[in-house]
Amino acid sequence: MRHSVNSRLGFALPEVCVALAVFLVGTTGLVACWNYFNREIADERYRLEQFYDVESAMERLIAVKPLCSDSLDVPNAAGPESRIVTDSRNPEMVRLKRIPGNARLAWATVVRDNFSLKRLVRCR
C-alpha cells in the first residue's frame, strides 16, 4: 500500500530525464525541418528572381528591336539604350541567329545561369 501512495506524489527522476530527452530530440528535429524549409523557400525566391531577370531581358528585346548579328554572344545586343546587362555579377547573355532569307527576323535566346528563353524577334 505504501508503494501506491508514493506513485501518486509525482514522477521519478529517470522518468523526467527520459521525457526531457524525448522532448529535446523532437524539438531538434522540428528546428532542423524548419531551417530546411526556410532554405528551400529562399532558394526558390532566388531562382524566381533569376527567371524574372531573363524574362525582362527578353521583353526588352521585343520592345527595342536589336541589331541583327548572326550567331554572336552579344551582352548588349539590343543596343546601348536597352541596357540588357542589368547585373555585372550575373549578366544575361543574348544570342541572336538570323533566319536565312529574312534580314528582319532572328531567333533571340536569352541565357542566364540555369534559365534560357528563346523567341523570334524583329531586328532593325
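Please read these numbers as outputs of a predicted model, since none were measured by experiment. (Residues numbered from 1 in each chain as written. Predicted model: local features only at pLDDT ≥ 70, side-chain atom pairs only at ≥ 80, totals over all residues. Heavy atoms only, no water.)

Asker: Sorry if this is basic, but what is going on with the side chain of Gln50 here?
Answerer: Summarising the element assignment, Gln50 is placed in helix 2 (residues 13-63). On the basis of relative accessible area, Gln50 is assigned to the buried category, the value being 4%. With residues up to four places along the chain from it excluded, the contact list for Gln50 reads Asp113 and Phe115. (Helix = DSSP H or I, 4+ residues; strand = E, 2+ residues; numbered from the N terminus. Buried < 20%, exposed > 50% of the residue type's maximum accessible area, 1.4 Å probe, protein only. Contact = heavy atoms within 4.5 Å.)

Asker: Before we go on, may I ask you to explain the environment of Gln50 in this structure?
Answerer: In this structure the C-alpha to C-alpha distance between Gln50 and Asp113, which are 63 residues apart in sequence, comes to 8.0 Å. Side-chain polar atoms of Gln50 contact the side chain of Tyr46, separated by 3.0 Å. (Polar contact = N/O pair within 3.5 Å; in protein donor to acceptor, adjacent residues only side chain to side chain.)

Asker: Even after reading the chapter, I still don't get the nonpolar core, so can you show me in this structure?
Answerer: A general feature of soluble globular proteins is that nonpolar side chains tend to end up buried together. In this structure, Val54, Ala57, Met58, Leu61, Val94, Leu96, Ala108, Val110 and Val121 together form the largest nonpolar core, which totals nine residues. Mapped by element, the contributors of at least two residues to this core are helix 2, strand 2 (93-99) and strand 3 (102-112). It is helix 2 that contributes the most residues to this core, four residues altogether. (Core = buried A, V, L, I, M, F, W, Y, C linked by side-chain atoms within 4.5 Å.)

Asker: Explanation requested: the pattern of salt bridges in the structure shown.
Answerer: Oppositely charged side chains may form a pair once their charged atoms are brought near each other. Counting across every chain of the model gives three salt bridges. Among the ionic pairs, Arg47 bridges to Asp43, the shortest N-O distance being 3.2 Å. Pair noted here: Arg47 and Asp43 are both in helix 2, with a separation of four residues, about one helical turn. Note that Arg47 and Glu44 form a salt bridge whose closest N and O atoms lie 2.9 Å from each other. Separated by three residues within a single helix, Arg47 and Glu44 lie in helix 2, roughly one turn from each other. Of the residues examined, Arg47 reaches a relative accessible area of 32% and is grouped as partly exposed. A residue is classified by how much of its surface remains accessible, and Glu44, at 44% relative accessible area, is partly exposed. Several salt bridges share partner residues, and in doing so they unite Asp43, Glu44 and Arg47 into one network. (Salt bridge = Lys/Arg side-chain N within 4 Å of Asp/Glu carboxyl O.)

Asker: Would you mind going over the confidence of the model for the protein with me for this structure?
Answerer: Looking at the protein as a whole, its pLDDT mean stands at 79, while 74% of the residues score no less than 70. The secondary structure element of the protein with the lowest average pLDDT is strand 1 (residues 72-74), at 46, and the one with the highest is helix 2, at 93. In the predicted structure, residues 76-87 sits below a pLDDT of 50 and forms 34 contacts with residues beyond four places in sequence or in another chain. (pLDDT = per-residue confidence, 0-100.)

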